[in-house]
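Residue-level listing of the chains:
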Amino acid sequence: MTDSAPLQWLASNGWIVLSGRADALSEIRAQALSRHNASGAIAYISLADDLADALMDDMAELGAASGYLVDLEGQDNNEIYERLSGAAMIVIDAAGQSDHLLRLLRRTAIHALKEALNRGALLFLEGAAAAIAGEFSLSADGRLQSGLNLLQNALVADDVSSPAGDAALRKARTELPDAIFLGLPAGAALALGPDGQVETWGERQAAISLADPTRANPALASLTVTEN
């Protein structure tokens, strides 16, 4: 794990970018594009009904080269691994189906994502997809479950500006008193780099909640980050 206290994330040569829900006025997608290796391919994973057409159109307008959709349900494991592990940038959109996406990614895809990161790729998880990036995640019915563990000892929530102000997260805090809770409102992103870099992107701020060892209730703490 790469460590930039208090966050620990998967050690690799690439970037992990966790973004809140897409905001038409935000430059987060453009910043992600500017950070990846433009000579490489862009792979998309999307559970949207339009098979990521709108997402790819928006990325193309921002200057992205044409990419391709990786179908986690329709393609065989070898093809999924090859198309993901060789990508320079991987964009993941859960389309509000984070539980289903988590089940699909836990198969071959998570190993391919880690290999892509080792090769220096940028992994961009947006909205509900970002909410499964931590060691823990909340299911659609509010139950705690294991996430992708890209961030160790952390739970990520999208569409949340203050973890302490969300009822489901307050309940989860009683079960995870020592975990880090990260809130990502629309228009906010956290970018985690290969050398311990922690950057905030977007007009809004990501919020981090650390457990206070002296009390049962969580205490909000400030994270020193680089704004970009």
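Residues numbered from 1 in each chain as written. Predicted model: local features only at pLDDT ≥ 70, side-chain atom pairs only at ≥ 80, totals over all residues. Heavy atoms only, no water.

(A) View of the overall build of the protein chain. Scanning the protein chain for helices and strands turns up five helices and 16 strands. In terms of C-alpha radius of gyration, the protein chain reaches 16 Å, essentially the compact-globule figure of 17 Å for 228 residues. In terms of principal-axis extent, the alpha carbons of the protein chain reach across some 50 × 35 × 30 Å. Residue burial in the protein chain is summarised as follows: out of 228 residues, 50% are buried. When contacts within the protein chain are restricted to residue pairs at least 6 apart in sequence, those whose partners lie at least 24 apart make up 69%. As presented, the protein chain carries roughly 10400 Å² of accessible surface, and 44% of it is formed by carbon and sulfur atoms. (Helix = DSSP H or I, 4+ residues; strand = E, 2+ residues; numbered from the N terminus. Rg over C-alpha atoms; globule rule 2.2 N^0.38 Å. Buried < 20%, exposed > 50% of the residue type's maximum accessible area, 1.4 Å probe, protein only. Contact = heavy atoms within 4.5 Å. Areas by Shrake-Rupley, 256 points an atom, 1.4 Å probe, with all protein chains shown as cover.)

(B) Region of the structure containing unusual backbone geometry. Its identity as a non-glycine residue notwithstanding, Ala52 has a phi of 70°, on the positive side. With respect to the secondary-structure elements, Ala52 resides in the loop between strand 4 (42–46) and helix 2 (53–61). Residue classification places Ala52 among the buried positions, given a relative accessible area of 1%. Even without being a glycine, Asn149 presents a positive backbone phi close to 60°. Topologically, Asn149 is positioned in the loop between strand 9 (144–146) and strand 10 (151–158).

(C) The pattern of salt bridges, seen in detail. This structure, assessed with the given rule, holds seven salt bridges. Close ionic contact of Arg119 with Glu115 constitutes a salt bridge, the shortest N to O distance being 3.0 Å. Given the relative accessible area of 25%, Glu115 is considered partly exposed. Notably, a salt bridge pairs Lys171 with Glu175, separated by 3.5 Å at the nearest N-O pair. With Lys171 and Glu175 both in helix 5 (residues 167–175) and four residues apart, the pair spans about one turn of that helix. (Salt bridge = Lys/Arg side-chain N within 4 Å of Asp/Glu carboxyl O.)

(D) Molecular detail of the side chain of His36. With respect to the helices and strands, the residue His36 is situated in the loop between helix 1 (28–35) and strand 4. At a separation of 2.6 Å, a polar atom in the side chain of His36 contacts the main-chain carbonyl oxygen of Leu33. Beyond its immediate stretch of four places on either side in the chain, His36 contacts Ile42, Ala88, Met89 and Leu122. (Polar contact = N/O pair within 3.5 Å; in protein donor to acceptor, adjacent residues only side chain to side chain.)

(E) Seen up close, the nonpolar core. In terms of nonpolar packing, the biggest core is built from 46 residues, with Leu18, Leu72, Leu84 and Leu101 touching the most fellow members. If near-sequence neighbours (up to four positions away) are discounted, Leu18 is found in contact with Leu125, Ala130, Ala133, Leu151, Val156, Leu182, Leu184, Ala188, Ala189 and Leu190. Grouped together as the second largest cluster of nonpolar side chains are 19 residues, Ile42, Ala52, Met56 and Ala189 included. (Core = buried A, V, L, I, M, F, W, Y, C linked by side-chain atoms within 4.5 Å.)

(F) Inspection of helix 3 (residues 77–85) at higher detail. For helix 3, every residue scored as buried is listed here: Ile80, Leu84 and Ser85. Down the axis of helix 3, the sector holding all buried residues measures 105°, keeping them to one side. Within helix 3, the exposed residues directed more than 90 degrees away from the buried face are Asn78 and Glu82. Sitting at the amino-terminal end of helix 3 is Asp76, which places a side-chain oxygen 3.1 Å from the backbone nitrogen of Asn78. (Arc of directions from axis to C-beta.)

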